[in-house]
Amino acid sequence: MDKLYTTYENVSIGLKDFFNKINYKISKPKLNTLSNILVSMIKTEDITTHDISKVFYNDIYNDFINLKSIEKKIWRFLNNKGFNGIEFFNESIKGIINNIGVLKHDKIVVVCQK
């Protein structure tokens, strides 16, 4: 029987696929880091680098990973001059809006994905 929830890896892969489709150019390592940071933020419900680093990788690898090095990796990514967060956000929103269409059916407006 299939599980009723998606796993950390599935969400991260889905984010990477979406970010590849938008118009913002980002390298593959940065794309992997960004998707893992976003999923970790969702999972921890916090935005501090210490809490994000605790769930940055799977629970299987937490015994072998130094949290300080992950915190430093997250901090370097977020403070990188080569990554414009506002421009990335704007392109992401444009990508979402472009994939939404409106279907009118008997005076009912239904928003659906194209």
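Above this text sits the structure in question.
Residues numbered from 1 in each chain as written. Predicted model: local features only at pLDDT ≥ 70, side-chain atom pairs only at ≥ 80, totals over all residues. Heavy atoms only, no water.

**A closer look at the overall build of the protein**
Heads up, the condition is: Secondary structure elements are defined from DSSP: runs of H or I of at least 4 residues count as helices, runs of E of at least 2 residues count as strands, and each element is numbered from the N terminus. We call a residue buried when its accessible area falls under 20% of the maximum for its residue type, exposed when it is over 50%, and partly exposed in between, using a 1.4 Å probe and counting protein chains only. Any two residues having at least one pair of non-hydrogen atoms within 4.5 Å are treated as being in contact.
If you tally the helices and strands in the protein, you get five helices and two strands. Order of helices (α) and strands (β) in the protein, N terminus to C terminus: α-α-α-α-α-β-β. Looking at the protein residue by residue over its 114 residues, the buried ones come to 25%. Taking the intrachain contacts of the protein between residues at least 6 apart in sequence as the baseline, contacts between residues at least 24 apart amount to 42%.

**Some remarks on a nonpolar patch on the surface**
In plain terms, the rule: Residues enter patches when they are more than 30% accessible in relative terms and free of salt bridges; like-charged ones are connected within 9 Å and nonpolar ones (Val, Leu, Ile, Met, Phe, Trp, Tyr) within 5 Å. Each accessible area value is a Shrake-Rupley result obtained with a 1.4 Å probe; residue values ignore everything except the protein chains displayed when judging cover. When a carboxyl oxygen of Asp or Glu is within 4 Å of a side-chain nitrogen of Lys or Arg, the pair counts as a salt bridge.
A surface patch of nonpolar side chains, about 370 Å² in accessible area, is lined by F89, I93, I96 and I97. Position of I97 among the secondary structure elements: in helix α5 (residues 85-98). You can call I97 exposed: its relative accessible area is 53%.

**Re the pattern of salt bridges**
As enumerated under the stated definition, the model contains one salt bridge in all. One salt bridge in this structure joins E91 and K94, with 3.6 Å as the shortest N-O distance. With E91 and K94 both in helix α5 and three residues apart, the pair spans about one turn of that helix.

**Thoughts on helix α1 (residues 8-21)**
Our working rule: One less than the residue count of a helix, multiplied by 1.5 Å, gives the span that helix is expected to have. By definition, the arc is the one covered by directions from the helix axis to the C-beta atoms.
The end-to-end C-alpha distance of α1 is 20 Å, a good match for the 20 Å that 14 residues give at a rise of 1.5 Å each. Among the residues of α1, those classed as buried are Y8, S12 and F19. Buried residues of α1 fall within an arc of 30° about the axis and therefore sit on the same side. Exposed positions of α1 whose direction lies more than 90 degrees from the buried face are N20 and K21.

**With respect to the packing of aromatic side chains**
The cut-off we apply is this: Each pair of aromatic rings taken from Phe, Tyr and Trp, with Trp reduced to its six-membered ring, is defined by centres within 6.5 Å and is described as stacked if the planes are under 30 degrees apart, edge-to-face if over 60, and tilted in the remaining cases.
All chains considered together, the criterion is met by six aromatic pairs. Seen in terms of ring centroids, F19 and F88 are 4.9 Å apart; in terms of plane orientation they differ by 65°. Their pairing is edge-to-face. Of this pair, F19 sits in helix α1 while F88 sits in helix α5, placing them 69 residues apart in sequence. A single burial state applies to F19 and to F88, both of which are buried. With a centroid separation of 5.0 Å and 35° between ring planes, the pair formed by F77 and F83 is classed as tilted.

**Quick word on the environment of N20**
By secondary structure assignment, the location of N20 is in helix α1. For N20, a relative accessible area of 51% corresponds to the exposed category. Once the C-alpha coordinates of N20 and L31 are considered, the two residues, eleven residues apart in sequence, prove to be 8.3 Å apart.

**Here we look at the packing of α1 against helix α2 (residues 28-44)**
The condition is simple: Lines are fitted to the C-alpha atoms to define the axes, a helix being fitted only along its stretch in contact, and any angle between axes, read from their N-to-C directions, falls within 0 to 180 degrees. Here the word oblique covers every angle except those under 35 degrees (roughly parallel), over 145 (roughly antiparallel) and from 65 to 115 (roughly perpendicular). Two helices cross in a left-handed way if the nearer one is turned anticlockwise from the farther one by less than a right angle. They cross in a right-handed way if the turn is clockwise. When residues are grouped by polarity, Ala, Val, Leu, Ile, Met, Phe, Trp, Tyr, Cys and Pro land in nonpolar, Asp, Glu, Lys and Arg in charged, and all others, Gly among them, in polar.
For the pair α1 and α2, interaxial distance at closest approach is 9 Å and the crossing angle is 130°. When the axis of α1 is compared with that of α2, the two are oblique. Between α1 and α2 lies a crossing of right-handed hand. Here Y8, V11, S12, L15, K16, F19 and N20 of α1 come into contact with α2, specifically with L31, N32, L34, S35, N36, L38, V39, S40 and K43. Broken down by class, the residue content of the contact of α1 with α2 amounts to eight nonpolar, six polar and two charged.

Read these as spatial facts, not as claims about activity.
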